[in-house]
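# Commentary on secondary and tertiary structure
One letter stands for each residue in the lines below.
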Amino acid sequence: MDSAVAPPIRAGRREIVALTVLMLPTILVALDRSVLYLALPHIGADLGASSLQQLWITDIHDFMIAGLLVTMGTLGDRIGRKRLLFLGLVGFAAASLFAAYATSAGMLIVARALVGIAGSTIMPSTMALISAMFRDRRQHTTAIAVWMGCFTAGTAIGPLIGGALIEHLWWGAAFLIGVPVTLLTVLLGARLLPERRSSGAGRVDLVSVAMSLLAVLSLVYGLKQLSRTGVDATVLTTVAVGIVAGVLFVLRQRRLASPLLDVRLFRSRALSSALVLTLCVGVVSGTILFVYLYLQTVAGLSPMATALWLLPSTLTSVVVIQIAPLVVRRIRPAFAIAAGLVVQAGGYLLLTQVDNSGQLGLLVTGTVVTGIGLAPLAALGASLTLQSAPAEKAGSAASLTETSGELGIALGIATIGVFGTAAYQNSIQLDPALPESVAAAARDSAAGAFSVAGGLPAEQSQQLFADVFDAITTSLHTTALASALVALAAAVVAVTMLRHVPPSSRPYHGDGVELTPPAPGRPADVPASVERDPVG
């Protein structure tokens, strides 16, 4: 009998305890991504890293994760999700040690690449294991909400923990957080976590792996370059390569008997819509860059103070994420998600009312409202994706969710960044008496303005700061308005495309996904102890 239509089995105490184990690596991934930004200035000073090397230290980790998510999600379905998680955790700990004690920028770039490769196994594996343990729809929705809440909380506390470690020890200590967490997860998970794998998987197609890697890396790299340099030949070429590689990848998957990614999953309207909404969440996240810029320039806050002022938004989001599964027991997820997105749009509109005097109260209120509005989709999006896919494809579905989020973030930083930069450059009004070299630097960016302001007379410097603060505020207004429009468009998508999904108190077996059934008398997704899976 296909596990997608099997009667739901409610999870017990063992599964709930196992979920707490999976919370550890989830928090770890979020921590690792957020502590690096605080450590980067210290790394640059200690290792003598150039600006280009610092760029690669931050980017290579994201590139590796984004490029390998599809491969790792499918690999977990084939060799076992628990096994892949443990391999990734051990690799994560080893690479983190390597990063902490790197003696050159080149060594650290290699170490961060290895951390990214290992990290690409963690999120798809944890999501797929949750699906294996929580087959009852209501419990599954709650478990995914807990998982997402942990990720959000980890993102919030990362700068605080990392800042404390860097201040009292050294920058490498920020990377050592992962070592005890990974070891503890392996020790506890060895007894508590189940092993599941697909029973009918064939060999891994290495050509498909290369094509998916090329497609995602090219798109992410091109979008990152767009946010830094604008439209140029490099951006156009890399994005075009990514699109072509993606099309060829899909065509190849349709021909293979055992594809790396079963593209028939996209026939599910709920799954495809949830991925689009996840992409939209990533896009609007680009506005946070201009919130950070406003807080650290117009409001004059330090990086640590900025993190503290934004903490209410994250903590509120964590709380509402836990409430969302209770709401969808009675109303359809489409309406809960759409209502949240409308609230999120309202929060962004509040940000358009912030003036150039450093209005912390209004700005924090706006970010709290956006966090509340984001929470229903954060809690329910991944759950909808996983529930819309057959059990044997849980790893693939999880990897699609993560890949969609990664691409959305890259797209958001690029597009929202371009909007914000254009708004800054078009709105800044400078004193005509400024030297041309100073005016050119100030028009280019806020960072350029701050770099030349110190060489001006006090009165001119003060006026330059005022002009730059006006332009930064305008860029915040522009990006917030763009994000509000994206959130409203996403709300329309949610209501239109997900309204057929019932509340979680009612059965739901997915829609539109017709995959080849397993062999007669054999379940599609089986415990590893029952049947070994052939792996190439």
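Quick notes on the rules
Residues numbered from 1 in each chain as written. Predicted model: local features only at pLDDT ≥ 70, side-chain atom pairs only at ≥ 80, totals over all residues. Heavy atoms only, no water. Helix = DSSP H or I, 4+ residues; strand = E, 2+ residues; numbered from the N terminus. Buried < 20%, exposed > 50% of the residue type's maximum accessible area, 1.4 Å probe, protein only. Contact = heavy atoms within 4.5 Å. Areas by Shrake-Rupley, 256 points an atom, 1.4 Å probe, with all protein chains shown as cover. Expected span 1.5 Å × (residues − 1). Bend = angle between axes of the 7 residues up to and from the residue. Core = buried A, V, L, I, M, F, W, Y, C linked by side-chain atoms within 4.5 Å. pLDDT = per-residue confidence, 0-100. Axes fitted to C-alpha atoms, helices over the stretch in contact; angles between N-to-C directions. Parallel < 35°, antiparallel > 145°, perpendicular 65-115°, else oblique. Left-handed = near helix turned anticlockwise from the far one by under 90°. Nonpolar A, V, L, I, M, F, W, Y, C, P; charged D, E, K, R; others polar. Patch = residues over 30% accessible without salt bridge, like charges linked within 9 Å, V, L, I, M, F, W, Y side chains within 5 Å. Salt bridge = Lys/Arg side-chain N within 4 Å of Asp/Glu carboxyl O.

### Points about the overall build of the chain
Helices and strands together make up the secondary structure of the chain, namely 18 helices and 2 strands. The buried share of the chain, reckoned over its 536 residues, is 55%. Contacts in the chain between residues far apart in sequence, at least 24 positions, make up 82% of those at least 6 positions apart. Here the chain displays about 21,600 Å² of accessible surface, and carbon together with sulfur accounts for 67% of that area.

### Description of helix H12 (residues 303–327)
In this model, H12 (25 residues) spans 36 Å end to end at C-alpha, consistent with the 36 Å of a helix rising 1.5 Å per residue. For H12, the principal kink sits at Leu310 and spans about 40 degrees; a proline, Pro312, occurs within the next four residues. Each element contacted by the buried residues of H12 is listed here: helix H6 (137–168), helix H11 (288–297) and helix H14 (360–387).

### Observations concerning helix H4 (residues 105–119)
For H4, spanning 15 residues, the distance from its first C-alpha to its last is 21 Å, which sits close to the expected 21 Å at 1.5 Å a residue. Of the residues making up H4, those classed as buried are Ala105, Leu108, Ile109, Ala111, Arg112, Ala113, Val115, Gly116, Ala118 and Gly119.

### Some points on the nonpolar core
Judged by nonpolar contacts, the single largest core of 67 residues is most densely connected at Leu85, Ile130, Leu193, Leu277, Ile337 and Leu498. Ranked by the residues each element gives to this core, the list is headed by H14, at 8 residues. For Ile130, the contacting residues outside a window of four places in its chain are Leu19, Leu22, His140, Ala143, Ile144 and Trp147. If you look at the next biggest cluster of nonpolar residues, it comprises 36 residues, including Leu434, Leu456, Leu464 and Ala487.

### With respect to the confidence of the model for the chain
Of the residues in the chain, 88% reach a pLDDT of 70 or more, and the chain-wide mean stands at 79. Between the elements of the chain, mean pLDDT differs from a low of 54, seen in strand S2 (residues 525–527), to a high of 92, seen in helix H13 (residues 333–351). Taken together, the stretch residues 1–7 has pLDDT below 50 and engages in 11 contacts with residues farther than four places along the chain or on a different chain. Predicted confidence for residues 512–523 stays below pLDDT 50, and this span has 22 contacts to residues more than four positions away or in other chains.

### Here's the deal with the packing of H12 against H14
For the pair H12 and H14, the least separation of the axes is 7 Å and the interaxial angle reads 25 degrees. Considering their axes alone, H12 and H14 lie roughly parallel with respect to each other. As H12 runs across H14, the sense of the crossing is right-handed. In this structure, H12 contributes Trp309, Leu310, Pro312, Ser313, Thr316, Ser317, Val320, Ile321 and Ala324 to the contact, and H14 contributes Leu360, Val364, Thr367, Val368, Gly371, Ile372, Ala375, Pro376, Ala378 and Ala379. Tallied by class, the residues present in the contact of H12 with H14 amount to 14 nonpolar, 5 polar and no charged.

### Some points on a nonpolar patch on the surface
A contiguous nonpolar surface patch, about 450 Å² in accessible area, is contributed by Val319, Ile323, Val327, Ile331, Phe335 and Val495. Summarising the element assignment, Val327 is placed in helix H12. Since its relative accessible area comes to 36%, Val327 is described here as partly exposed.

### Brief notes about the side chain of Thr297
Looking at the element boundaries, Thr297 is found in helix H11. Taking relative accessible area as the criterion, Thr297 reaches 13% and is therefore assigned buried. If we skip the residues at most four places from it in the chain, Thr297 touches Phe450, Phe469 and Ile472.

### Considerations on the environment of Leu22
Structurally, the position occupied by Leu22 is in helix H1 (residues 13–47). Along the chain, Leu22 and Cys150 lie 128 residues apart, while their C-alpha atoms are 9.7 Å from each other. Residues contacting Leu22, with those up to four places away along its chain left out, are Leu85, Thr126, Leu129, Ile130, Met133 and Leu193.

### Focus: the packing of helix H5 (residues 122–133) against H6
Axis separation between H5 and H6 bottoms out at 9 Å; the angle between their running directions is 155 degrees. Our classification of the angle between H5 and H6 gives roughly antiparallel. For H5 against H6, the interelement crossing comes out right-handed. Counted together, Met123, Thr126, Met127, Ile130 and Ser131 of H5 and His140, Ala143, Ile144, Trp147 and Phe151 of H6 form the full contact between these two elements.

### Some points on the environment of Val486
Relative to the helices and strands, Val486 is located in helix H18 (residues 458–498). Considering only alpha carbons, one finds Val486 and Cys280, 206 residues apart in sequence, at a separation of 6.9 Å. When sequence neighbours within four positions are dropped, the list of residues in contact with Val486 reads Cys280, Val283 and Val284.

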